[in-house]
Amino acid sequence: MEVTNVCEYEELAKQKLPKMVYDYYSAGAEDQWTLKENREAFSRILFRPRVLIDVTKIDMTTTVLGFKISMPIMIAPSAMQKMAHPDGELATARAAASAGTIMTLSSWATSSVEEVNATGPGIRFFQLYVYKDRNIVRHLVRRAEKAGFKAIALTVDTPRLGRREIDIKNRFTLPPHLTLKNFENLDLGKMDKANDSGLAAYVASQVDQSLSWKDVQWLQTITSLPILCKGIMTADDTQKAIECGAAGIIVSNHGARQLDYSPATITCLEEVVKEANGRVPVFLDGGVRRGTDVFKALALGASGIFIGRPVLYGLAVDGEAGIKNVLKMLRNELEMTMALSGCTSLKDITRDHVLTESDRIRRSLSRL
């Protein structure tokens, strides 16, 4: 069967992967309301296209933290990718470099920063949790710097791991032939706990639940790399992140894997963008499955988007080629959406190109 859109990769991955692995990648927290809402919220945003514009040439290039990339579609951090395919994060790194975009490596990767760097040139960010033992943090950051990573994506929404009930039912554990490569020499690489969410017992013992804004400032004392705060959802936290020196913000609800009944990221985006007011770039993570979704995020002020699960599903189905195809399909769909909306470059995409649910309510009320 020819795959014609990104969503079809999920069904193919479900057929191919062991149930425990597919469930780990696909599940959200508790009732999984936010997981559904991350997708459904996009469907409530409509287009206001412009016509009779020459769209012979369309430019999707952009710049992120000073790095030029081919399109505003980047790869989010996703843990333990070798559960999906033997090449894991190495395939992801090669696919991202081939597409001319950014890959973010999870600190919980099954490939090390050094192994990813050895795949060849590429613009890569490193996702970081802060641990009680700050020497672990220093060690990870130092290695990421040495391996040529260009920014730190600091996860700020995980003082505790969300309750993913399907992982509890499956008694999720990392398969014994795999390890968390970045922790291998720290005697932290193996996980054999199967209670809670599988990872929960491990993470709870290591991740610092006292993480606060002062730690964002502390992180800047141990690295010169720009720091993106990943997991911001409100204007208040946007202001605090900027005051603490964040170089950018990723609007994210952790793929709906943390606090269920959090709003969809696309519905939080505009609030964050307005508060940032151009001081730092704002990116969106969560629920993107179509080029139309990318366009909607850009119209609401995002500087770019990150995709997570689609990469895992492409990887599971066809390795590096699968990820390349996911990125290609999203790129082609974004190009088509731009053409049909009358936009020849990303700067042409404006707030006037979309109509949100709030816009429609305001219009209805104005007619009363």
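Small disclaimer: the values here were computed from a predicted structure and weren't measured.

Novice: Even after reading the chapter, I still don't get the pattern of salt bridges, so can you show me in this structure?
Specialist: Side-chain pairs of opposite charge can arise whenever the charged atoms involved come near each other. Following the criterion strictly, the structure yields 18 salt bridges and no others. A salt bridge links glutamate 270 to arginine 351; the nearest nitrogen and oxygen atoms lie 2.5 Å apart. Of the two residues, glutamate 270 sits in helix α11 (residues 265-276) while arginine 351 sits in the loop between α13 (309-341) and β12 (354-355), which places them 81 residues apart along the sequence. The exposure class of arginine 351 is partly exposed, given its relative accessible area of 25%. A cluster of three or more residues bridged by salt bridges with shared partners is formed by Asp87, Arg94, Glu320 and Lys324.

Novice: Looking at this structure, how should I read unusual backbone geometry?
Specialist: Note: most residues except glycine have negative phi, and most peptide bonds are trans. The phi torsion at glutamine 32 lies on the positive side, around 65°, for a residue other than glycine. Position of glutamine 32 relative to the elements: it lies in the loop between α2 (19-26) and α3 (33-43).

Novice: What exactly am I supposed to notice about the state of the cysteines here?
Specialist: Think of a disulfide as a covalent bridge from one cysteine sulfur atom to another cysteine sulfur atom. Inspection of the entire model under this criterion finds 0 disulfides. Free of any disulfide, cysteine 229 has its nearest neighbouring cysteine sulfur in cysteine 244, separated by 7.7 Å. Residue classification places cysteine 229 among the buried positions, given a relative accessible area of 0%.

Novice: Where do I start with the packing of aromatic side chains in this structure?
Specialist: By the definition in use, this model includes 11 aromatic pairs. Between tryptophan 33 and tyrosine 261 the ring centres are 5.5 Å apart and the planes differ by 15°, which places this aromatic pair in the stacked class. Taken together, the residues span a long stretch of sequence, with tryptophan 33 in helix α3 and tyrosine 261 in the loop between β9 (248-251) and α11 at a distance of 228 residues. Tryptophan 33 sits in the partly exposed class, given a relative accessible area of 36%. Ring centres of tryptophan 108 and tyrosine 131 lie 6.5 Å apart, and the angle between their planes is 55°; on these two criteria the pair is classed as tilted. Of this pair, tryptophan 108 sits in the loop between β5 (103-105) and α5 (113-117) while tyrosine 131 is found in the loop between β6 (124-128) and α6 (134-146), placing the two residues 23 residues apart along the sequence. For the pair tryptophan 108 and tyrosine 131, one class covers both residues: buried. These aromatic residues form a ring-pair network of at least three members: Trp108, Tyr129, Tyr131 and Phe183. The aromatic ring of tryptophan 218 is capped on one face by arginine 134, whose charged end is 5.4 Å from the ring centroid. Cation over ring: arginine 257 sits above tyrosine 24, and NZ or CZ is 4.8 Å from the ring centre.

Novice: Explain the UniProt feature "active site" (unreviewed entry) in the protein chain here, please?
Specialist: UniProt's feature table lists "active site" (unreviewed entry) at His254, given in the numbering used throughout. Relative to the assigned elements, histidine 254 resides in the loop between β9 and α11. Apart from the residues lying within four places of it in its own chain, the contact partners of histidine 254 are Tyr129, Thr155, Asp157, Thr158 and Arg164. A polar contact is formed between the side chain of histidine 254 and the side chain of threonine 158, at a distance of 3.2 Å.

About the thresholds
- Residues numbered from 1 in each chain as written.
- Predicted model: local features only at pLDDT ≥ 70, side-chain atom pairs only at ≥ 80, totals over all residues.
- Heavy atoms only, no water.
- Salt bridge = Lys/Arg side-chain N within 4 Å of Asp/Glu carboxyl O.
- Helix = DSSP H or I, 4+ residues; strand = E, 2+ residues; numbered from the N terminus.
- Buried < 20%, exposed > 50% of the residue type's maximum accessible area, 1.4 Å probe, protein only.
- Disulfide = S-S within 2.5 Å.
- Phe/Tyr/Trp six-rings, centres within 6.5 Å; stacked < 30°, edge-to-face > 60°.
- Lys NZ or Arg CZ within 6 Å of the ring centre and 35° of its normal.
- UniProt positions renumbered as here; feature names shortened; annotations may be inferred.
- Contact = heavy atoms within 4.5 Å.
- Polar contact = N/O pair within 3.5 Å; in protein donor to acceptor, adjacent residues only side chain to side chain.

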